[in-house]
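For reference, the chains in residue letters:
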Amino acid sequence: MLIVMTSDATESYIQCVVKKIESIGLKAHPIPGANRTAIGITGNSDLIDPALFTELPGVAECVRITKPYKLVGRDLKHDKTVIRIGEAEIGGDNIAVIAGVCAIESREQAMLTAQVVAEMGCRWFRGGAFKPRTSPYAFQGMAVEGLKILSDVRDRFGLRIVTEAVDEVALDLCEEYADVIQIGTRNMQNFSLLKRAGQTRKPVLLKRGMSSTLEEFLLAAEYIMAEGNYRVILCERGVRTFGDHARFTPDLAVIPAIQQLSHLPIIFDPSHSTGNRETVIPMARAGVAAGADGLLVDIHPYPDRALCDGPQALLFDMFRCMLEEVRAIDTIVKRHRESFGAANGADRAASDRS
Ligand code: PEP
Ligand code: MN
């Protein structure tokens with residue numbers, strides 16, 4: 001159930017509802033919206049009696065949520081969630097580009113790449129210090145040494161750092177050094193890792209499991225939010241199909257589908273979903289045209305010598321070209337949305353429920 005407060009409900013009214021929820025052994029999730037706060041309730045196995053709350057001051061209505069996920073859905077929060085760290089935003093007015101290397105391989109490689117990312121006006125830098133590799137003999141990442149390099153990238157270029165935690169031990173370390181913690185496709189249903197990610201107060205970038213449904217994806221995000229971390233960014237990174245012309249199949253239709261159901265930002269990774277640099281730019285364009293809030297892109301100063309995912313890494317010039325193109329497409333998508341208001345796609349579906 002969710003409790004919608006009146007638009008003039010004071011903080012003490014909200015706290016009164018939170019205490020009531022906690023007094024019956026449940027967890028309260030107050031989520032402020034543009035006009036009013038909604039309070040999600042989790043932890044119940046039976047239906048909750050709305051009469052417990054309807055008489056409390058500031059309560060507008062009690063709404064039963066029928067979907068399996070409660071906190072990620074538009075029922076709880078109609079307006080889009082924007083993830084902000086300083087001036088960097090994901091889900092805001094401009095497309096967010098998280099660019100960098102697949103794996104941190106050396107200080108030189110990271111710094112050369114970060115310089116281009118910063119020069120091009122991007123605010124986010126990606127780089128793996130812990131790599132989930134199919135083969136146990138492949139390069140596994142520089143671990144803490146890599147995290148230290150990432151931290152130096154932030155100090156030198158002011159970029160916000162996104163890096164993957166492959167397990168709980170890595171998560172403790174990433175929490176210390178990074179700004180956003182990535183959970184990779186292979187861990188999307190690692191429930192203990194998701195719960196641990198829910199306990200950090202750093203935003204979490206959750207990549208879609210390579211064979212997961214939309215509902216499984218949203219429920220994985222729900223695991224993080226149910227622990228009280230509401231700053232989740234979703235990322236489509238391609239799924240397994242019978243197509244063998246690309247590493248995975250980018251499922252771009254999931255972008256508007258998620259935007260109808262969830263307030264969370266959804267970005268797209270054209271690098272891991274295609275595995276091939278020649279296909280990355282066309283798919284990046286398509287992802288932005290489909291309405292993605294951002295892109296996660298691998299680039300590399302010398303991809304032929306990369307220790308991880310070299311074939312999909314864009315050369316710096318290709319990256320510059322991609323940025324120009326996707327920014328132009330984003331402007332058209334946003335301009336169109338403004339002129340047609342709620343009359344198109346995901347925005348219409350969401351506003352039908354407001
Ligand atoms: C990555 O982003 O470096 C990565 C390993 O991605 P995925 O989990 O989507 O394969
Ligand atoms: Mn990679």
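See the structure above.
These numbers come from a predicted model, not from an experiment. Each chain has its residues counted from 1, following the order in which its sequence is written. Here chains are named by letter from A upward and ligands by number from 1 upward, in the order in which they appear as written. Local features in this predicted model are restricted to residues whose pLDDT is 70 or higher, and side-chain atom pairs enter the listing and the counts only when it is 80 or higher, whereas totals over whole chains, interfaces and linings include all residues. Heavy atoms from the whole structure form the basis of all side-chain values; hydrogens and water molecules are not counted.

Visitor: Help me out: how do you make sense of the nonpolar core in this one?
Guide: Soluble globular proteins tend to pack their nonpolar side chains together in the buried interior. As used here, the term nonpolar core means buried Ala, Val, Leu, Ile, Met, Phe, Trp, Tyr and Cys residues forming a set that is joined through side-chain atoms within 4.5 Å. Burial status follows relative accessibility: with a 1.4 Å probe on protein chains alone, a residue under 20% of its type maximum counts as buried, one over 50% as exposed, and anything between as partly exposed. One finds Phe 125, Leu 206, Leu 234, Leu 295, Leu 314, Phe 319 and Met 322 to be the most contacted residues of the largest nonpolar core, which totals 73 residues. Counting 16 residues, the second-largest nonpolar core is a separate cluster that includes Val 17, Ile 21, Ile 41 and Val 59.

Visitor: What is the right way to look at helix α1 (residues 11-23) in this model?
Guide: An α-helical turn contains 3.6 residues, so any two residues separated by three or four positions project in the same direction. Under the scheme used here, helices are H or I runs from DSSP no shorter than 4 residues and strands are E runs no shorter than 2 residues, and both carry numbers assigned from the N terminus. Multiply 1.5 Å by the residue count of a helix minus one, and that product is the helix's expected span. Helix length check: α1, at 13 residues, gives a terminal C-alpha distance of 18 Å against a target of 18 Å (1.5 Å per residue), a fit within 8%. When we look at burial in α1, the residues that qualify are Ile 14, Val 17, Val 18 and Ile 21. The arc that holds the buried residues of α1, viewed along the axis, is 100 degrees, so those residues lie on one side. Away from its buried face, by an angle of more than 90 degrees, α1 presents the exposed residues Ser 12, Lys 19 and Ser 23. Contacts are assigned to residue pairs that have any heavy atoms within 4.5 Å of one another. Contact partners of the buried residues in α1: β1 (2-5), β2 (27-32), β3 (37-42), α2 (51-54) and β4 (59-63). Gly 25 sits one or two positions beyond α1 and adopts a positive phi of about 80 degrees. Directions are taken from the helix axis to each C-beta atom, and the arc is the one they span.

Visitor: Please clarify how the coordination of the manganese ion (ligand 2) should be interpreted in this entry.
Guide: Tetrahedral coordination by four donors places them ideally at 109.5 degrees to one another around the metal; octahedral coordination by six donors ideally gives 90 or 180 degrees. Only nitrogen, oxygen and sulfur atoms within 2.8 Å of the metal, or 3.2 Å for Na, K and Ca, are treated as donors, and water is left out, so sites may look incomplete. Around the manganese ion (ligand 2), the protein supplies Cys 102 (SG), His 272 (NE2) and Asp 309 (OD) as donor atoms, at distances of 2.0 to 2.3 Å. Overall, Cys 102 belongs to the buried group, its relative accessible area being 4%. His 272 sits in the buried class, given a relative accessible area of 9%.

Visitor: What should I look at first to understand helix α4 (residues 144-157) in this one?
Guide: An ideal rise of 1.5 Å per residue puts 20 Å on 14 residues; α4 measures up with 20 Å between its terminal C-alpha atoms. When we look at burial in α4, the residues that qualify are Gly 146, Leu 147, Ile 149, Leu 150, Ser 151, Val 153 and Arg 154. Of the residues one or two after α4, Gly 158 is the one with positive phi, at around 70 degrees.

Visitor: So what exactly am I meant to see when it comes to the sheet that holds β4 here?
Guide: The strands making up a sheet are joined through hydrogen bonds of the backbone, oriented either antiparallel or parallel. Taken in spatial order, the four strands of this open sheet run β2-β3-β1-β4, and their pairing is antiparallel. The strands lining the two open edges of the sheet, one partner per strand, are β2 and β4. With direction set aside, neighbouring strand axes in the sheet form an average angle of 20 degrees. A strand pair is defined by DSSP finding two or more bridges across the two strands. Where β2 meets β3, six bridges bridge the pair, whose relative direction is antiparallel. Each bridged residue has a counterpart across the sheet, and for Ile 31 the counterpart in β3 is Ala 38. Fitted lines through C-alpha atoms give the axes, limited to the stretch in contact for helices. The angle between two N-to-C directions lies from 0 to 180 degrees.

Visitor: What am I meant to see in the packing of aromatic side chains here?
Guide: Pairs of aromatic rings are described using the distance from one ring centre to the other and the angle between the two planes. Aromatic pairs are defined between Phe, Tyr and Trp rings, using the six-membered ring for Trp, whenever the two ring centres lie within 6.5 Å; interplanar angles under 30 degrees are classed as stacked, those over 60 as edge-to-face, and all others as tilted. Within this structure, the stated rule accounts for one aromatic pair. Relative to Tyr 223, the ring of Phe 191 has its centre 4.6 Å away and its plane inclined at 25 degrees; by these criteria the two rings are stacked. Here the residue Phe 191 occupies a position in helix α6 (residues 191-199), and Tyr 223 occupies one in helix α7 (residues 214-226), the gap between them amounting to 32 residues. You can call Phe 191 partly exposed: its relative accessible area is 35%. Taking the relative accessible area as the measure of exposure, Tyr 223 reaches 31% and is therefore partly exposed. Each ring is checked for a lysine NZ or an arginine CZ that lies within 6 Å of its centre and within 35 degrees of its normal; such an atom marks a charge sitting over the ring. Seen from the ring of Phe 248, Arg 237 lies directly overhead, with NZ or CZ sitting 4.1 Å from the centre. The ring of Tyr 302 is capped by Arg 305, whose NZ or CZ atom sits 4.2 Å from the centre of that ring.

Visitor: So what exactly am I meant to see when it comes to the pattern of salt bridges here?
Guide: Side-chain pairs of opposite charge can arise where the charged atoms are in close proximity. Any Lys or Arg side-chain nitrogen located within 4 Å of an Asp or Glu carboxyl oxygen qualifies as a salt bridge. By the definition in use, this model includes 17 salt bridges. Across the pair Arg 84 and Glu 89 runs a salt bridge whose closest N-O atoms are separated by 3.0 Å. A residue is classified by how much of its surface remains accessible, and Arg 84, at 47% relative accessible area, is partly exposed. Judged by its relative accessible area of 28%, Glu 89 falls in the partly exposed class.

Visitor: Which parts of the structure should I look at to understand empty space enclosed by the protein?
Guide: Taking a probe equal in size to a water molecule and rolling it over the atoms shows the remaining empty space. The distinction between a cavity and a pocket rests on a 1 Å grid over the protein atoms alone: a 1.4 Å probe fits inside a cavity but cannot get out, while a pocket stays open yet meets protein on both sides within 12 Å along at least five of seven lines, and a residue with an atom within 4 Å of a point counts as lining. Grid points are joined across faces, edges and corners, and a volume is the space filled by probe spheres set on the points. Tallied over the full model, the rule gives three cavities of 30 Å³ or more. Within this model, the second largest cavity holds a volume of roughly 40 Å³. Lining the second largest cavity are Cys 102, Arg 126, Gly 127, Gly 128, Lys 131, Val 162, Thr 163, Glu 164 and Gln 182. Broken down by secondary-structure element, the contributors of at least two residues to the lining of the second largest cavity are β8 (124-128) and β9 (160-164). Within the lining of the second largest cavity, the residues separate by chemical class into two nonpolar, four polar and three charged. Each residue gets one label: Ala, Val, Leu, Ile, Met, Phe, Trp, Tyr, Cys and Pro are nonpolar, Asp, Glu, Lys and Arg are charged, and the others, such as Gly, are polar.

Visitor: How do you make sense of the sheet that holds strand β11 (residues 204-207) when you look at a structure like this?
Guide: Read once around its circumference, the closed barrel built from eight strands follows the order β7-β8-β9-β10-β11-β12-β13-β14, with strand pairing classed as parallel. Adjacent strand axes in the sheet meet at a mean angle of 25 degrees when their direction is disregarded. Taken strand by strand, helix α3 (residues 107-119) contacts β7 (96-103) and β8, and its axis lies near 165 degrees from that of β7.

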